[in-house]
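A look at the structure
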Amino acid sequence: MIILKNMKTKVAMLAPCKNGSTSIESAWQELLSNYEKKHKCKIKNIEIQEQINLTKYKKIYLLTRPVHDWYLSGYRMGIKLYPNEFPKPPENFEQHLLEVKKFYQQSRETAHLEDRTVMFKNWNPQWVAHCAMNSKWIHKYVLQNSPHVEYININNTEKFQSTIEKIHPKLKVLHINKTSTACTKCNREFDAVEDQLDLVREIINTI
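Right, let's walk through the structure included here. As the structure is a prediction and not an experimental result, all values here were calculated from the model.

**What to know about the sheet that holds strand S3 (residues 42-45)**
- Taken in spatial order, the five strands line up as S3-S1-S2-S4-S5 in an open sheet, and their pairing is mixed. Sheet topology places S3 and strand S5 (149-153) at the edges, where each strand pairs with a single neighbour. When the angles between neighbouring strand axes are averaged without regard to direction, this sheet yields 20 degrees.
- Where strand S1 (residues 2-6) and S3 come together, four bridges link them in antiparallel fashion. Note on S3: the bridge partner recorded for Ile2 is Asn45.
- Sheet contacts for helix H1 (residues 21-31): S1, strand S2 (11-15), S3 and strand S4 (59-64); angle to S1, the most-contacted strand, approximately 40 degrees.
- On the sheet, helix H7 (residues 157-167) packs against S1, S2, S4 and S5 and is oriented at approximately 130 degrees with respect to S2.

Written out as structure tokens, the structure reads:
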């Protein structure tokens, strides 16, 4: 997860993993000068336990994509659930989603604690970031349900591009490399993964 910010206008864009974060970071590296990076447009990786100081921003654009495809993308990555146990990832997509649901339940039960690390205890940080921390979860637990958040669907390329230019007019992301519809269709056919729309709706409601 990265945050791209313009501290002069107090506007930021938050990109969860698998929501264009790699493409945005590449554009930032390639298109902006060192002066612009230092004084106008900064980027930062956000650790899973971090919360953002919302008083710094007038507006935060939170990137999102269709949730079923986001979870499916995480499942395909095959990341281990825990750092030192269970050497294999969940055996199917349904089991993967049930593990996500278990993490969401733990999030709710520990959200009141001052020590944020308890929420992630015994979970692999990479699995959490790529398989569980979707935009809705981030809005609630990282952005504290701030009313200054606007969701931007990265599949709407015109809206996405116009939004990123609000952070810096020189930034243009021509290819969001993890959101291709054609690639999603190809991978689904290859993996023979069944849709789990009802289960996805159920676990979203547990956030």
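**Thoughts on the pattern of salt bridges**
- Scanning all chains against the criterion turns up eight salt bridges.
- The salt bridge involving Glu36 is made with Lys170; its shortest N-O contact spans 2.9 Å. Separated by 134 residues along the polypeptide, Glu36 in helix H2 (residues 34-39) and Lys170 in the loop between H7 and helix H8 (181-191) bring together distant segments of the chain.
- Looking at Glu36, the relative accessible area reads 6%, which means it is buried.
- Assessed through its relative accessible area of 47%, Lys170 is described here as partly exposed.
- Lys44 is the partner of Glu50 in a salt bridge, and the nearest nitrogen-oxygen pair spans 3.3 Å.
- By relative accessible area, Glu50 is classed as partly exposed at 21%.
- For Lys44, a relative accessible area of 37% puts it in the partly exposed group.
- Counted as one network, the salt bridges with shared partners bring together Lys59, Glu150 and Lys159.

Rules of the game
- Residues numbered from 1 in each chain as written.
- Predicted model: local features only at pLDDT ≥ 70, side-chain atom pairs only at ≥ 80, totals over all residues.
- Heavy atoms only, no water.
- Pairing = 2+ DSSP bridges.
- Helix = DSSP H or I, 4+ residues; strand = E, 2+ residues; numbered from the N terminus.
- Axes fitted to C-alpha atoms, helices over the stretch in contact; angles between N-to-C directions.
- Contact = heavy atoms within 4.5 Å.
- Salt bridge = Lys/Arg side-chain N within 4 Å of Asp/Glu carboxyl O.
- Buried < 20%, exposed > 50% of the residue type's maximum accessible area, 1.4 Å probe, protein only.

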